[in-house]
Amino acid sequence: MPPTGTPYLSIAVTPLQATGAAHFAIHVTQAPYPGGLTLRDCIWQNSLSQLWQSWQEMFSNRQMPPYPMETVTPVDALLEPVQLGGLSTRLMQTLGIHLWQWIFDGPILGSFSHSRGIAMGQGKPLRLQLEIRDPNLVAIPWEIMQEAPGMQAISLSQQVLFSRTTSDVNALPPLRMDYALRILLVLGQASDPNGTTGLLNDTLQTLKLEQEAEVLAQVLRNFGNSDIGTARGIPAQVDVLVQPSPAELIQSLEKRIYNVLFYAGHGKPGPDGGLLFLRPDTPLNGTELAQVLTRCQVKLAVFNACWGAQPDYYKDSHSTEPGGMQGTQPIPRSSLAEVLIHHGVPAVLGMRDPIADEEAIHFIQVLAQSLAQRLPIDQAVALARQHLLTLYRFNQQTWTLPVLYMHPEFDGELLKPLETSETGFGPPDIPSQVACLRSLKDGRVWQIRGGLMRIGRSADNDLVLKEDESGVSREHAMIICRDNLGGEADCATYFLKDFSRFGTWIMNNIGWQRVHHQEVSLLPGMQIKFGSTQNDALEFKVFNPSDLPPL
């Protein structure tokens, strides 16, 4: 079942195999009112194939119409007559309008208009999800659909939040409530491992991976929470892995809590979600990655890699292209995005075609800022896409490259929104509770921000243990906050999870008890020692804001 809250409209495009290759059923599978579930059948139009082929020739040097064209009309006769803009602008607008008219016609348009009206009446955006069940149509830029000349493309709107989806999914498990943005940034192999252009004219150049990492880290630092007792700041953390092995990547995801995985590097299509080249001769396929992402509850996976939203193709001896060449056919549900969604990853953002380094960095900046401001994922992607449009203009395809897939049961929430105050005029100035560790030796306090504290000797931990304390590890333990089922902050429960070599010591009613590679609940007043019973003790405390101790 889809999530409640924001009104949903889900549209599926299904090929009708028994009636011909270009015959489709377009039906609304979810609507915010009972009469919105509707259906119509239609034929894929020859003009759409021709416009799509012209798009590929202009923007990606490909010629792959989804279905053979029975007749060829001069492209100029198909283009919208706009006064301003060159051929690329007219082509993009014309294709967008034709795609819109093909989807939103008759009862489908009526359902969309009524649903949008319901959302406006509730003061909420309409969440629109499109499922393309024909692999021949997956590569088409549905994100550029627009209702009429001069109107905004659907993926740029803040009133209609657009994403793709698939109904061929595993059920979405209960998701962890996250309060802080925690990103694992993986820098994979920068270029094609064969040193040549890859499949489908992959013209990857060496990516500026270190620059991307620094830009993203700097953006996140601007949203850090530096004052104890305030809810205004938004905690954020970014960790970087440079060309890890698959085992190192999996270990990092399992040892720490992340809600976003960002991969930058070389990738190529494949039948199991494609391949990501973490390091030379060490690829990881999408199915393998999906297992660990779902197990570790990563909510959003972002891939700055070629063809993350494209299916793989196979040679078809029964299909020929113009000139008698053996044709290719797309493999259903083979794109990285579709494979990850199928296995239960809530949201995946991939690129339809290669994206330039500078363009990717601009996109990352706005996306990270929007996510840190607790916006839903589909709304954050729309804002980042708008930024690309502002920089690179409508006549370039840059803003159309990011393709967002969302699980049909996911509500788009990456971070838990700030609760409004009793007056309803915005977030409260202070949280209802503040949890921290207090040193019993000198009284220093370390606040547990964003529901998570990482503890260890390495400098990137939230609480850095002293090098001279015996038995402490670089990544020793973490403290995790989990809400109760009602989501009330006053009923939040904290747990300590140990990763260390020698363990963590907890004081209970029978004395010091060793915790090693285990997870235990924490109660206010409980004493903790990391590594050895000879080390300094810390006390776990939960305060009301008015009772906060001095720093």
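Small disclaimer: the values here were computed from a predicted structure and weren't measured. Residue numbering note: each chain is counted from 1, following its sequence as written. Only residues with pLDDT of at least 70 are given local features in this predicted model, and only at 80 or more are side-chain atom pairs given and counted; all residues enter the totals for whole chains, interfaces and linings. Computation of side-chain values covers all heavy atoms of the structure but excludes hydrogens and water.

Caption draft 1: A look at helix 6 (residues 246-255). Working definition: with a 1.4 Å probe on protein chains only, accessible area under 20% of the residue-type maximum means buried, over 50% means exposed, and in between means partly exposed. Only DSSP runs of H or I with at least four residues qualify as helices, and only runs of E with at least two residues qualify as strands; both kinds are numbered from the N terminus onward. Within the span of helix 6, buried status applies to P246, L249, S252 and L253. Burial along helix 6 is one-sided: seen end-on, the buried residues are contained in an arc of 130°. Directions drawn from the helix axis to the C-beta atoms are what define this arc.

Caption draft 2: Spatial organisation of unusual backbone geometry. Unusually for a residue other than glycine, Q243 sits at a positive phi of about 45°. The exposure class of Q243 is partly exposed, given its relative accessible area of 30%.

Caption draft 3: Representation of the nonpolar core in the model. In this text, buried Ala, Val, Leu, Ile, Met, Phe, Trp, Tyr and Cys residues form a nonpolar core when linked through side-chain atoms within 4.5 Å. Judged by nonpolar contacts, the single largest core of 106 residues is most densely connected at W102 and W142. Contacts are assigned to residue pairs with any non-hydrogen atoms lying within 4.5 Å of each other. If sequence neighbours within four positions are ignored, W142 has contacts with W44, L99, W102, I103, L130, I132, L137, I154, F162 and R164. Within the second largest apolar cluster, 22 residues are counted, among which are A435, L437, M526 and F540.

Caption draft 4: How the structure looks around the sheet that holds strand 27 (residues 538-543). Read across the sheet, six strands follow the order 18-17-27-26-23-24 without closing on themselves; strand pairing throughout is antiparallel. Of all the strands in the sheet, just strand 18 (445-447) and strand 24 (511-515) have a single pairing partner and so form its edges. When strand polarity is set aside, the average angle formed by the axes of neighbouring strands in this sheet is 30°. In this scheme, strands are said to pair when DSSP sees at least two bridges between them. Summarising the sheet, strand 17 (residues 434-439) and strand 27 pair through six bridges and their orientation is antiparallel. Bridge pairing in strand 27 places R438 opposite E539. Lines fitted to C-alpha atoms define the axes, with helix axes restricted to the stretch in contact, and inter-axis angles between N-to-C directions lie between 0 and 180 degrees.

Caption draft 5: Region of the structure containing the packing of helix 6 against helix 7 (residues 286-295). Two numbers describe how helix 6 lies on helix 7: the axes approach to 9 Å, and their chain directions differ by 15°. Between helix 6 and helix 7, the angle is such that the two are roughly parallel. As helix 6 packs across helix 7, the resulting crossing turns out to be right-handed. Residues L249, I250, L253 and E254 of helix 6 form the contact with helix 7, whose own contacting residues are L289, V292, L293 and R295. Per-class residue counts for the contact of helix 6 with helix 7 are six nonpolar, no polar and two charged. Angle categories: roughly parallel below 35 degrees, roughly antiparallel above 145, roughly perpendicular from 65 to 115, and oblique for all the rest. It is the rotation of the near helix from the far one that decides the hand of a crossing: anticlockwise by less than a right angle makes it left-handed, clockwise makes it right-handed. Note on residue classes: Ala, Val, Leu, Ile, Met, Phe, Trp, Tyr, Cys and Pro are nonpolar, Asp, Glu, Lys and Arg are charged, and everything else, Gly too, is polar.

Caption draft 6: Representation of the pairing of strand 2 (residues 23-30). Counting buried positions over the eight residues of strand 2 gives six, a clear majority of the element. By the bridge criterion, six bridges tie strand 1 (residues 8-15) to strand 2 in an arrangement that is antiparallel. Note that in strand 2 the partner of I11 across the bridge is V28. Judged from the five bridges that link them, strand 2 and strand 3 (residues 39-43) form a sheet pairing that is antiparallel. Bridge assignment links I26 to a residue of strand 3, and that residue is R40.

Caption draft 7: Representation of the pattern of salt bridges in the model. One speaks of a salt bridge when a side-chain nitrogen belonging to Lys or Arg is within 4 Å of a carboxyl oxygen belonging to Asp or Glu. As enumerated under the stated definition, the model contains 21 salt bridges in all. Three or more residues joined by partner-sharing salt bridges are found here, namely R182, D239, K255, R256, R454, D462 and E475.

Caption draft 8: The arrangement of the sheet that holds strand 9 (residues 267-268) in detail. The strand order across the open sheet formed by three strands is 9-10-11, and the pairing between neighbours is antiparallel. Looking at the sheet topology across the chains shown, the edges are occupied by strand 9 and strand 11 (282-285). As defined by bridge partners, strand 9 adjoins strand 10 (residues 275-279) across two bridges and the pair is classed as antiparallel. Each bridged residue has a counterpart across the sheet, and for K268 the counterpart in strand 10 is L275. Of the strands in this sheet, strand 10 and strand 11 are in contact with helix 6, which crosses strand 11 at around 50°. Packed on one face of the sheet, helix 7 meets strand 10 and strand 11 and runs near 70° to strand 11.

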